[in-house]
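Summary of the model geometry
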Protein chains: 2
Amino acid sequence: MTDAYLNFVNSPFGARLASSLGLPKPEVLRRYRADQPEFEGLIAVGAGPQPRMLEALAGMIARTGMTGVAHESAGLWIPLAQRHGVMTGRFEPVASGSSQGRMSALLFDASGIEDVTQFDTLYAFFHDALRSLDKCGRMVVFGRPPEACATTRQWTAQRALEGFTRSLGKEARRGITSNLIHVAPGAEALTEATLRFFLSPRSAYVSGQVVRIDAVTHALPVFDWKQPLAGRRALVTGAARGIGASIAGVLAAEGARVIGVDIPSAKEALDQTMRALNGTALAFDIAAPETPAQLAAALDENGVDIVVHNAGVTKDKTLAKMTEAAWRSVIDINLAAQERIDDALLEAGTLRHGGRIIGVSSISGIAGNAGQSNYATSKAGVIGRVQSMAPHLRERHITINAVAPGFIETQMTAKIPFAIREAGRRMNSMSQGGQPVDVAQTIAWLAHPGSAGITGQVVRVCGQSLIGA
Amino acid sequence: MTDAYLNFVNSPFGARLASSLGLPKPEVLRRYRADQPEFEGLIAVGAGPQPRMLEALAGMIARTGMTGVAHESAGLWIPLAQRHGVMTGRFEPVASGSSQGRMSALLFDASGIEDVTQFDTLYAFFHDALRSLDKCGRMVVFGRPPEACATTRQWTAQRALEGFTRSLGKEARRGITSNLIHVAPGAEALTEATLRFFLSPRSAYVSGQVVRIDAVTHALPVFDWKQPLAGRRALVTGAARGIGASIAGVLAAEGARVIGVDIPSAKEALDQTMRALNGTALAFDIAAPETPAQLAAALDENGVDIVVHNAGVTKDKTLAKMTEAAWRSVIDINLAAQERIDDALLEAGTLRHGGRIIGVSSISGIAGNAGQSNYATSKAGVIGRVQSMAPHLRERHITINAVAPGFIETQMTAKIPFAIREAGRRMNSMSQGGQPVDVAQTIAWLAHPGSAGITGQVVRVCGQSLIGA
């Protein structure tokens, strides 16, 4: 659960030693704290030809209170920013070594790029501004979903941005994240929750991702940015400890009333976790055949708005040595139990209109993993659930998404042998493992009432792990 | 270009040393040789409930001359095999340490699986048979494209197979590959070229992939399995040396008449490569504005059936240090030039009905890479081209696909510093780099007249590299 190397190289002596030996120096990531400002400092704004997002972005940045400074590629920015009341000015590169006037974020509007011959301003903006980006800074590129593009040239150019943002994430280091947001035409106003997440320290361990925001036909419910989940009820499985307890904590901090589920043998820890959050503890074995109906009955009166399928187990062995029981139970607990529970909650209408389902997949589910064929199968199945169910849930305004954690510092990863653990920790753009709260914050963003345009997607929480497929 | 470690640990002394020190021992991969049988030995056949592919597979296996032995999960196999004239029998596990009766391949028909509760035979088959699989053996699972499934449960189960096959590829080692073929309903008879590729030593470095075979409405042209490209004309860019020369060589060996293109400064090497193949050398700079028209004119009389966009350059630097010229030229040569050339060939009808376009992407285009933002952008754009153009080319029966090489032993990779080169080489399920011929064979499969059901796809040639997104 602790990363001794990270602590060492960020001590005065360790930093000097690492520097003289040329060792990697992972940055201590800035994470969200309720007692510190979530948004501050300068955002450099750049744009390609015919930027379609700038107007919407100006309004959103105004509401964060940040100052937007215009790169020469974004000539339209200053009048737009003034109209929206954003503090603004011209982007000035920061002198090397100076910490004055550094950027908190670099934002580029690529939504109007229609051809790969129009990439010059993309290059110019990041070339000019990268060195001025502060540690733990943010890079966000806005583009269009390739498959929604009118021409093959535009599709190609928009798809190419993926290679660009991922490369920048791998170059930038210093705790900086780089992500690409595909905004469907008509979904511009739905991007605010997502822009805030990616600008905020809440997204500390989310990098190299591509998120699509679709247009929706219904109006969003009214919510408060400070307590977006107020009045919502959230069911979290596996909530007694670890990542599940962290999810419960973050959702509660955002205003949700949490109903935590865990197996009867973890009842004491569950009760304790839920008491601290003023939540409700339900001791159920999610894999038991009677659980879905009992759960729906327990929730019935008030229903539920957010379902987080976090409970899961590993029973690792190579397939040749794996027992049938180990195969079956991992598939059943990690995947089939979710199917049965969602069926029960959806049939009875317990999961309410406008609800959210969030599954927990894994990098192993994306890339496969030796010794985890059962686990990887179950976690790839979670991706299948999200993709298959999203269209069916649209008419109820319910979204379904998954997070795919990479190496997260937990009791489970603490048991991995040292050399493998060190490799897993370092093989990502942050050179460190993530924390349970990084997964929890990502889930809270997907659970947000403002995330109505995001469905059927998988977001990795992996610090841009090298590992993938 | 040589892997000294691979050679060493496969020498008698090196093998003993590696074994006593517990060092990895990459297998010398079996590759296709015209003077050796392409298909031989035993295939163990397993199946889930209601297998829809077995009948088609029996016919295909009969034509390879291999012997299919039935696992208990595939009760239907023996009568089907007998009807198709396949040598057959019951699967018997091989005693540990024995090399007698080992399987060349494990084939599982998962096409009828409708729910994750039906995975028991999948587990049982591979659990029972994995240890009987010979080195450089093949695992192939047949499923349905998830997005074509009638129910969310079926979609989930079919999607889950991806995590399974990828995990098996990472477990199996010993030069064994593991791939998943999604066969759309009605496309069963179109799978033969793909089954042959994945069973053959031609696919030595292709593992962890998912390939989709769509149904097509037109009849396939008549072809000879021994010379499938006979009578076809193939344009290969960057053909003078390296991977391009290997592509030209393999296409020629399959019967194609090759037209090789390379820059004027490489004319001598190009002439020599083409002379040896009885091909035609065209010295053109693909990025020159006049080239597309000149190329179309040079091909005009007979047209062309296969276009392989192999030419590409790297100009690596972190973006902050990259010149605008380095940015522009990589995008232009690797991506925009392909767009211009295809436009010219398609407008003039030079690329004939039933043709094939194959782009060369890269793992860097999928995952991004530090110091390669220009290259990764161009190679991600190649994926966008393939995805965007496929639907438009369907009515002409033209397919467009890309290969994405991982670490391939070339003059380019020989220049990478030792430690980084070693990491790149070993971080895959084969524990070694691929050869140019591995890329070339994969392209030849996509160029095959029998691959009419494959379009809009990207196939990695990376030995199941860990690296991805």
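Since the structure is predicted, the reported quantities are computational estimates derived from the model, not experimental observations. (Residues numbered from 1 in each chain as written. Chains lettered and ligands numbered in written order. Predicted model: local features only at pLDDT ≥ 70, side-chain atom pairs only at ≥ 80, totals over all residues. Heavy atoms only, no water.)

**Structural notes on the overall build of chain A**
Rules: Helical segments are the DSSP runs of H or I of at least four residues, strand segments are the runs of E of at least two, and each set is numbered from the N terminus. The globule rule used here is 2.2 Å times the number of residues to the 0.38 power, and the radius of gyration it is set against is calculated over C-alpha atoms. Between buried and exposed lies partly exposed: a residue is buried under 20% and exposed over 50% of the maximum accessible area for its type, with that area taken using a 1.4 Å probe on protein chains only. By the convention used here, residues are in contact when the closest approach between their heavy atoms is within 4.5 Å. The accessible surface values rely on the Shrake-Rupley method and a 1.4 Å probe; as for residues, cover is taken only from the protein chains in view. The sign given to each residue is positive for Lys and Arg and negative for Asp and Glu; His and the chain ends receive no count. Charge positions are represented by NZ for Lys, CZ for Arg, CG for Asp and CD for Glu.
Along its length, chain A carries 16 helices and 14 strands. Taken over the C-alpha trace, chain A has a radius of gyration of 22 Å; the compact-globule value for 469 residues is 23 Å, and the two agree within 12%. With the C-alpha coordinates of chain A rotated into their principal frame, the extents come out at 65 × 55 × 45 Å. Taking all 469 residues of chain A together, 61% fall into the buried category. Here the analysis covers contacts within chain A between residues at least 6 apart in sequence; of these, 75% occur between residues at least 24 apart. In the form shown here, chain A has an accessible surface area of approximately 17,100 Å², with 53% of it arising from carbon and sulfur atoms. Here chain A carries 46 positive and 41 negative side-chain charges, and the mean point of each set is 5 Å from the other.

**A closer look at a nonpolar patch on the surface**
All names here are of chain A. Under the convention used in this document: Residues forming no salt bridge and having over 30% relative accessible area are the ones grouped into patches, like charges within 9 Å of each other and nonpolar side chains (Val, Leu, Ile, Met, Phe, Trp, Tyr) within 5 Å. In the sections that follow, a salt bridge refers to a side-chain nitrogen of Lys or Arg positioned within 4 Å of a carboxyl oxygen of Asp or Glu.
On the surface, F8, F13, L17, L21 and L23 cluster together into a nonpolar patch covering about 460 Å² of accessible area. Considering each element in turn, the nonpolar patch owes the most residues, three residues, to helix 2 (residues 12-21). Along the polypeptide, L23 turns up in the loop between helix 2 and strand 1 (42-47).

**Digging into the sheet that holds strand 4 (residues 103-109) of chain B**
Residue and element names in this part refer to chain B. The cut-off we apply is this: Strand pairing follows a simple DSSP-based rule, namely that at least 2 bridges must link the two strands. Think of each axis as a best-fit line through the C-alpha atoms, taken over the contacting stretch in the case of a helix, with angles from 0 to 180 degrees between the N-to-C directions.
Taken together, seven strands build an open sheet; the order of strands is 3-2-1-4-5-6-7 and the sheet is parallel. At either margin of the open sheet sits one strand with a lone partner, and together these are strand 3 (88-90) and strand 7 (210-213). Pairs of neighbouring strands in the sheet enclose a mean axial angle of 25 degrees, with direction left out of account. Here strand 6 (residues 177-183) runs beside strand 7; their pairing, made up of four bridges, is parallel.

**A word on the domain arrangement of chain A**
The figure often quoted for interface size is the accessible area lost as the parts come together. Residues and elements named next belong to chain A. Put simply, the rule reads: Start and end points for every domain follow an automatic or database-based domain assignment. In short, buried area is how much 1.4 Å probe accessible area vanishes from two parts on joining, totalled over both. As used in this structure description, the phrase polar contact means that two N or O atoms lie within 3.5 Å; if the pair is within protein, one of them must be able to donate a hydrogen and the other to accept it, and residues adjacent in sequence are counted only when both atoms belong to side chains. Side-chain classes are defined by residue name, with Ala, Val, Leu, Ile, Met, Phe, Trp, Tyr, Cys and Pro counting as nonpolar, Asp, Glu, Lys and Arg as charged, and the others, Gly among them, as polar.
Splitting chain A by domain gives domain 1 (38-213) and domain 2 (233-461). Contacts between the two partners involve 21 residues from domain 1, matched on the other side by 25 residues from domain 2. Between domain 1 and domain 2, a total of about 1,900 Å² is buried, with carbon and sulfur atoms accounting for 54% of that surface. On the domain 1 side of the contact with domain 2, R202, Y205 and R212 bury the most area, a combined 39% of that side's loss. Counting across the domain 1 and domain 2 interface gives one salt bridge. Taking the shortest distance from any N to any O, the salt bridge between R202 and E254 comes out at 3.1 Å. Remark: the boundary between domain 1 and domain 2 carries ten residue pairs in polar contact (both at pLDDT 80 or more). For the side of domain 1 that touches domain 2, the secondary-structure elements that each account for two or more residues are helix 6 (152-172), helix 7 (192-199) and strand 7 (210-213). Class assignment for the residues of the side of domain 1 that touches domain 2 results in eleven nonpolar, six polar and four charged.

**Observations concerning the sheet that holds strand 7 of chain A**
Residue and element names in this part refer to chain A. One open sheet holds the seven strands; their spatial order is 3-2-1-4-5-6-7, and the pairing between them is parallel. Of all the strands in the sheet, the pair left with one neighbour each is strand 3 (88-90) and strand 7. Shown here is a sheet whose adjacent strand axes are inclined to one another by a mean of 25 degrees, direction ignored. As paired elements, strand 1 and strand 2 (residues 67-70) share four bridges and run parallel to each other.

**Here's the deal with the confidence of the model for chain A**
The test is simple: Per residue, pLDDT captures the predictor's confidence, and it can take any value from 0 to 100.
Mean pLDDT over chain A stands at 95; residues scoring 70 or higher make up 100%. This prediction of the complex comes with two scores: 0.96 for pTM and 0.96 for ipTM.

**Side note on the packing of aromatic side chains**
Note the following rule: Any two of the Phe, Tyr and Trp rings considered here, Trp counted by its six-membered ring, make a pair once their centres fall within 6.5 Å; the pair's planes then place it as stacked at under 30 degrees, edge-to-face at over 60, or tilted in between. We count a charge as sitting over a ring when the NZ of a lysine or the CZ of an arginine lies within 6 Å of the ring centre and within 35 degrees of the ring normal.
Evaluated as defined, the whole model comprises 22 aromatic pairs over all chains. Taken together, a centroid distance of 4.9 Å and an interplanar angle of 75 degrees make the contact between F125 of chain A and F126 of chain A edge-to-face. Exposure remark for F125 of chain A: the relative accessible area of 0% places this residue in the buried category. Ring geometry for F108 of chain B versus F125 of chain B: centroids 5.7 Å apart, planes at 35 degrees, classification tilted. On the criterion of sequence distance, the pair formed by F108 of chain B in strand 4 and F125 of chain B in helix 5 (residues 120-129) is long-range, its members being 17 residues apart. Here the two residues F108 of chain B and F125 of chain B agree in accessibility, since each one is buried. Taken together, the aromatic side chains of F108, F119, Y123, F125, F126 and F164 of chain A together with W327 of chain B make up a single cluster linked through ring pairs. A cation sits over an aromatic face here: R196 of chain A above W225 of chain A, 4.2 Å from the ring centre.

**Looking at the pattern of salt bridges**
Evaluation of the coordinates by the stated rule reveals 54 salt bridges over all chains. One salt bridge in this structure joins R166 of chain A and E162 of chain A, with 2.7 Å as the shortest N-O distance. With a gap of four residues between them, R166 of chain A and E162 of chain A both fall in helix 6, about one helical turn apart. Residue classification places R166 of chain A among the buried residues on the basis of a relative accessible area of 9%. Looking at E162 of chain A, the relative accessible area reads 12%, which means it is buried. In this structure, the salt-bridge partner of E324 of chain B is R328 of chain B, at a minimum N-O distance of 3.5 Å. Taken together, the residues span about one helical turn, with E324 of chain B and R328 of chain B both in helix 11 (residues 324-347) at a distance of four residues. Taking relative accessible area as the criterion, R328 of chain B reaches 45% and is therefore assigned partly exposed.

**Some thoughts on the UniProt feature "domain: Ketoreductase" (unreviewed entry) in chain A**
To keep it simple, the criterion reads: UniProt positions are given in the numbering used here, feature names are shortened, and annotations may be inferred rather than shown by experiment.
Under the local residue numbering, the UniProt record ascribes the feature "domain: Ketoreductase" (unreviewed entry) to residues 232-411 of chain A. Secondary structure within residues 232-411 of chain A divides into 46% helix and 21% strand; the distance between the first and last C-alpha atoms comes to 30 Å.

**Quick notes on the side chain of R196 of chain A**
Along the chain, R196 of chain A falls in helix 7. Filtering out sequence-adjacent residues up to four positions away, R196 of chain A remains in contact with F39, R63, T64 and W225 of chain A.

**Digging into helix 5 (residues 120-129) of chain A**
Side chains three or four residues apart in an α-helix point the same way, a direct result of the helix having 3.6 residues per turn. In plain terms, the rule: Here, the arc refers to the directions that run from the helix axis to the C-beta atoms.
Along helix 5 of chain A, the residues classified as buried are L122, Y123, F125, F126 and A129 of chain A. Each buried residue of helix 5 of chain A sits inside an arc of 170 degrees when the element is viewed along its axis, so together they form one side. As for helix 5 of chain A, its buried residues are in contact with strand 1, strand 4 (103-109), strand 5 (133-143) and helix 6 of chain A together with helix 11 of chain B.

**Points about the relation of the copies chain A and chain B**
Going by this rule: Least squares is the method used to superpose the copies, on C-alpha atoms of residues holding a pLDDT of at least 70 in both.
For the pair chain A and chain B, the superposition axis carries a translation of 0.0 Å, the fit reaches an RMSD of 0.0 Å, and the rotation angle comes to 180 degrees. Each copy turns onto its partner about a two-fold axis. Minimal C-alpha separation from the rotation axis in chain A is found for G468 of chain A, amounting to 1.8 Å. With an isologous cut-off of 70% or more, the 100% of interface residues of chain A that recur at the interface of chain B puts this contact in the isologous class.

**With respect to the interface of chain A and chain B**
If you look at the interface, chain A gives 67 residues, while chain B gives 67 residues. Taking both sides of the interface into account, the surface hidden between chain A and chain B amounts to around 5,600 Å²; carbon and sulfur atoms contribute 60%. Contact with chain B buries area across many residues of chain A, yet Y123, E171 and L319 of chain A alone supply 12% of it, more than any other trio. The interface formed by chain A and chain B contains six salt bridges. Salt-bridge contacts for D343 of chain A lead to R153 of chain B; the nearest nitrogen and oxygen are separated by 2.4 Å. Linking chain A with chain B are 33 residue pairs in polar contact (both at pLDDT 80 or more). Of all the secondary structure elements, the ones that give two or more residues to the side of chain A that touches chain B are helix 5, helix 6, helix 11 (324-347), helix 12 (363-367) and helix 13 (373-393) of chain A. By residue number, the principal contributor to the side of chain A that touches chain B is helix 6 of chain A, which donates 13 residues.

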